[in-house]
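# Summary of the model geometry
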Amino acid sequence: MVLCRGLARATATMLAFSVLGCAHVDSGRETLGRVAAGGVPERAYDQGVVTAANPFGAEAGARILEQGGNAIDAAVAVAYALNVVEPQSAGIGGGGFMMIHLAATGQTFAIDSREKAPAGATRDMFVGLPNFTVQSLSGVAVGVPGMVRGTAMAIESYGRLPLAQVLQPAIELADKGFAATPRFVTSPNCASPTSRAKNSPLSAEYFCPGGQAIPAGTVVTNKPLAETFRLIAQHGADCFYKVDLAKGCDIALGIVEGQTWTRPPASDGRAGSMTLADLEAYQPAVRAPIEGSYRGYKIKSMAPPSSGALTVIQILKMLERFPLGDASKGFGFGSVNTLNVMADSMRLAFADRAVWMADADFVPVPAKGLINDTYLSGRGAAITPGTRLLQQGVPLDQQGTLLSSDPRPFETAGLAPGVRLAVAEPGPGTENGTSHFSVVDKWGNVVSYTNTIESGYGIGVFAGYTRADGSVRNHGFLLNNELTDFNTALTTNPWTGSVGFNDVQPNKRPRSSMAPTMLFSPAGKPILAYGSPGGATIINSVVNITVNLVDHKMGLQEAVDAARISVASGGSTILLENRFANLPALQQALGATGLGYTVNVGDVGSVQAVLIDQQTGKQYGAADDRREGLVVGLPRPRGR
Ligand code: GLY
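Below: a short report on this structure. Keep in mind that what you see is a predicted model, and the values were worked out from it rather than measured.

Moving on: the pairing of strand β14 (residues 472–478). Burial analysis of β14 places 6 of its 7 residues in the buried class, which makes it a mostly covered element. As judged from the 4 bridges shared by strand β13 (residues 462–466) and β14, these two strands associate in the antiparallel manner. Bridging across to β14, F462 finds its partner in L478. Remark: 5 residues form the turn of the hairpin made by β13 and β14, two consecutive strands paired antiparallel; G470 in that turn has positive phi of roughly 90°.

The structure is reproduced here in structure tokens:
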């Protein structure tokens, strides 16, 4: 059976560019991810592949590859283009993690452009704001944005093209417009009085003009954003972070004023504390990935301030002793046993994550201990197919939630210099936040990049300020609410007695779950780049894809399409996708009348992946129809 990405099909006619997104019969080898069930080989390329959650984003990256750019240039082009066409998820008002593998040197590292708390942030800044909705729509939640300096660093250090050229596709999309995709027009939920997109007059008018949803296919421009991008293209990243009115650089004024536009204003007058000095001081960091292994494959993923790598590796290592993929032993895809042990591994890892993982520039994250084999074999020892993990050696709290353990005795050596550690909780209304895209170029450089403004539409406010004459200067991009990834209540680490590792501190990065990941062959060659949005469920999307490829021997696109399971706490609530063919039976076997989990049903993530066959040099891509994912592979097939 040959399948195209569903939404790629739906939007294909709206594209000004040529696109492709189908798996076709082709010659292939039965190795990781190349061949799907039924023997259908994935479509192969050799001049580069870009996969993104929006077709215009994928096309922007492909254009840059065709102009001689490398994977780093293309990934930056995707990031800026997505700010135009998927503005609710990520953009220059936020930050992210760009995992890079350089073919020439074999080095793998990440540029961390995660937002930081302003110098004026306080541990109790969210205390008293009644709930997540109020907290996450408040200027208090806005972190100092990192994407512009992070991407500039990437281009200057590792790119082949000038920043101005790389930004050109995004400038064109913002200036000349694009045909609004179904997701662009439905995501604002214009009919809802609580729509996040409508939290300020400028954003409300842009996403819901006259209070109405934009019809799909309408050509939408964002001229203020085009102007902002032009300023960055002409004057560099500093034009975003420093005020220089002689050059027209006034973006920082709009960020600082934007984070005070809380709607409705907090009763005590609370607003964001970010200053121009916070913006000027922001610097990205280059971090070594956290490394682990799964059934002989090497995994490299995002170090703290993300919990991504540590939690992914914890879960996979606890799963390694089960014969996943062996249907004859009861561990086939979607079987009760498989989902049971995946759920309990996730619960244990998430209990540790809540206590130990945070910004390692500020707190002593025991990163080696958390993924130490001996620690994890003890931690996962009680997982037993056919039972829901309750008490067998794992302490519970009053609500029956699994508790963390203490990995510090397994912390046998200090971290390598330069390794720093960090993560995030999912909140209501976050389904539109964050975007993941992956790129490989013709030289074999690979990028796995997850970018975010946290919740869908961030705080729902465009950067902008009021001029002396009373007119409003709009910069056309949304401000993040990343600081709600901190603990919003005051917490204590139960093992150390100290302040909770992920409590707010000035200049600290909030814990993330973003897990831009790469899988390597036992010999250390890159095979796969992948990741997902979805708050804490990001971690579980990465685990599902890994298990689908390595254990269930799926083709790449099949692995992305397959139903996922997610558990994002030590509790017993699990999320299953309704794509499980046997969902009613699973609900019964895993639910109240079976193993006793509370089973919710919903979508999990949006994975974009690229795969490289190190023997043939062939490249493959998969995109996710849970959003509007698209693969653009080069060379383009004739007629496209
Ligand atoms: N904004 C999603 C995360 O950092 O986990």
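A few words on the packing of helix α13 (residues 308–319) against helix α14 (residues 336–356). Contact geometry for α13 and α14: axes closest at 9 Å, N-to-C directions at 140°. Taken as axis vectors, α13 and α14 run oblique relative to one another. In terms of crossing hand, the pair formed by α13 and α14 is right-handed. Here T311, Q314, I315, M318 and L319 of α13 come into contact with α14, specifically with V341, M342, S345, M346, L348, A349, F350, D352 and R353. Its residues assigned to classes, the contact of α13 with α14 shows 9 nonpolar, 3 polar and 2 charged.

Time to look at the state of the cysteines. The full count for this structure, using the stated rule, is 2 disulfides. Here C190 connects covalently by a disulfide to C208, the sulfurs 2.1 Å from one another. With the S-S dihedral at roughly -85°, the linkage between C190 and C208 falls on the left-handed side. Residue C190 is found in the loop between α7 (182–186) and α8 (201–207), and its partner C208 is found in the loop between α8 and β7 (219–220); the two are separated by 18 residues along the sequence. The burial state of C190 is the same as that of C208; both residues are buried. The disulfide partner of C239 is C249, and the gap between their sulfur atoms is 2.1 Å. The sign of the S-S torsion, about -110°, decides the handedness of the disulfide formed by C239 and C249: left-handed. Of the two residues, C239 is situated in helix α10 (residues 238–241) and C249 in the loop between α10 and α11 (251–258); the sequence distance between them amounts to 10 residues. The same class applies to C239 and to C249, which are both buried.

What follows deals with helix α5 (residues 147–158). Taking 1.5 Å per residue as the helical rise, α5 with its 12 residues ought to reach 16 Å, and the 16 Å between its terminal C-alpha atoms agrees with that figure. Within α5, the full set of buried residues consists of M147, V148, R149, G150, T151, A152, A154 and I155.

The strand order β8-β5-β4-β12-β11-β3-β22 describes an open sheet built from 7 strands, whose pairing is antiparallel. At either end of the open sheet lies a strand with only one pairing partner, and these are β8 (285–287) and β22 (630–633). Put simply, the sheet's adjacent strands are angled 15° from each other on average, direction ignored. The pairing of strand β3 (residues 48–52) with strand β11 (residues 435–441) spans 4 bridges and is antiparallel. Considered in β11, the bridge of T51 is made with S438. Its contacts with the sheet put helix α2 (residues 55–66) on β3, β11 and β22, and the angle it makes with β3 is roughly 155°. In the packing of α5 onto the sheet, contacts are made with β4 (95–101), β5 (108–112), β8 and β12 (446–452), and the angle to β5 comes to roughly 145°.

When two helices pack together, their arrangement is given by the angle between the helix axes and the distance between those axes. It is the contact of α13 with helix α17 (residues 537–550), at a shortest axis distance of 9 Å, that shows an interaxial angle of 40°. It follows from the interaxial angle that α13 and α17 lie oblique. Helix-helix and strand crossings are classified by hand; for α13 and α17 the assignment is right-handed. Contact residues: α13 offers G308, T311, V312, I315, L316 and L319, while α17 offers I539, N540, V542, V543, T546 and V547. Partitioned by chemical class, the residues of the contact of α13 with α17 number 8 nonpolar, 4 polar and no charged.

It is worth spelling out the pattern of salt bridges at this point. Applying the stated criterion across every chain yields a total of 29 salt bridges. Across the pair R230 and D175 runs a salt bridge, and its minimum N-O distance is 2.8 Å. Of this pair, R230 sits in helix α9 (residues 223–235) while D175 sits in helix α6 (residues 163–176); the two residues are 55 residues apart in sequence, bridging distant segments of the chain. In this structure R230 comes out as partly exposed when scored by relative accessible area, which is 33%. On the accessibility criterion, D175 (21% relative accessible area) is partly exposed. Across the pair D244 and K247 runs a salt bridge, and its minimum N-O distance is 3.9 Å. A relative accessible area of 28% means that D244 is categorised as partly exposed.

Counting residues in each nonpolar core, the largest one holds 98 residues, and the members touching the most others are Y80, I92 and M98. Discounting chain neighbours no more than four positions away, the residues touching Y80 are I92, M147, V148, T151, L167, A170, F229 and I232. The next biggest cluster of nonpolar side chains, apart from the first, holds 93 residues, and it includes F97, I299, I313 and M318.

Turning our eyes to something else, we now look at the environment of V550. When you line up the elements, V550 lands in helix α17. Those residues in contact with V550 that sit more than four places away from it in its chain are L32, Y294, R295, Y297 and L519.

What follows covers the sheet that holds strand β17 (residues 565–566). As summarised here, the arrangement of the 3 strands in space is β17-β18-β19, forming an open sheet in which the pairing is mixed. Since the sheet does not close on itself, it has two edges, and those belong to β17 and β19 (598–601), each with one partner. Both strand β18 (residues 573–576) and β19 contribute to a ladder of 4 bridges, which runs parallel. Pairing of T573 across the sheet is with T598, part of β19.

What follows concerns the site of the ligand. Around the ligand, the structure places 10 residues, and the nearest of them are R114, E454, E482, S512 and S513. Within the contact set of the ligand, a nitrogen atom lies 2.8 Å away from a side-chain nitrogen or oxygen of E482. Partitioning the shell around the ligand into residue classes produces 2 nonpolar, 4 polar and 4 charged.

As a further point, take unusual backbone geometry. Cis geometry is adopted by the peptide bond preceding P305, which originates at P304 and carries an omega value of 20°. Along the chain, P305 falls in the loop between β10 (297–301) and α13. In this chain, L634 is followed by P635 through a cis amide linkage whose omega measures 0°. Here R295, not a glycine, exhibits a phi torsion of approximately 50°, which is positive. Mapping R295 onto the fold places it in the loop between β9 (290–294) and β10. Judged by relative accessible area, which is 30%, R295 ranks as partly exposed.

Procedures and definitions
Position numbers for residues count from 1 along each chain, tracking the sequence in the order it is written. Local features are withheld for residues below a pLDDT of 70 in this predicted model, meaning they are given only at 70 or higher, and side-chain atom pairs are given and counted only at 80 or more; totals for whole chains, interfaces and linings count all residues. Hydrogens and waters are ignored; side-chain quantities use all the structure's heavy atoms. Partly exposed residues are those whose accessible area sits between 20% and 50% of the maximum for their type, while under 20% is buried and over 50% is exposed, using a 1.4 Å probe and protein chains only. We count a stretch as a helix when DSSP gives it H or I for four or more residues in a row; a strand needs E for two or more, and each element gets its number in order from the N terminus. Any two strands with at least two DSSP-identified bridges between them are counted as paired. Note on definitions: angles span 0 to 180 degrees between N-to-C directions of axes, and those axes are lines fitted to C-alpha atoms, for helices only across the stretch in contact. If an angle is under 35 degrees, it is roughly parallel; if it is over 145, roughly antiparallel; if it lies from 65 to 115, roughly perpendicular; otherwise it is oblique. By the definition used in this description, the sense in which the near helix is turned from the far one sets the handedness, with an anticlockwise turn below a right angle giving left-handed and a clockwise turn giving right-handed. Note on contacts: a residue pair is in contact if any heavy atoms of the two residues lie within 4.5 Å. By the convention adopted, Pro, Cys, Tyr, Trp, Phe, Met, Ile, Leu, Val and Ala count as nonpolar, Lys, Arg, Asp and Glu as charged, and the other residues, Gly among them, as polar. In this description, the term disulfide denotes a pair of cysteine sulfurs within 2.5 Å. By this rule the span expected of a helix is its residue count minus one, scaled by 1.5 Å. Any carboxyl oxygen of Asp or Glu that lies within 4 Å of a side-chain nitrogen of Lys or Arg is treated as forming a salt bridge with it. Among buried residues, those of type Ala, Val, Leu, Ile, Met, Phe, Trp, Tyr and Cys that are joined through side-chain atoms within 4.5 Å constitute a nonpolar core. If a single non-hydrogen atom of a residue is within 4 Å of a molecule or strand, that residue counts as near it. We call two N or O atoms a polar contact when they sit within 3.5 Å, provided that within protein one can donate a hydrogen and the other can accept it, with sequence-adjacent residues counted only if both atoms are side-chain atoms.

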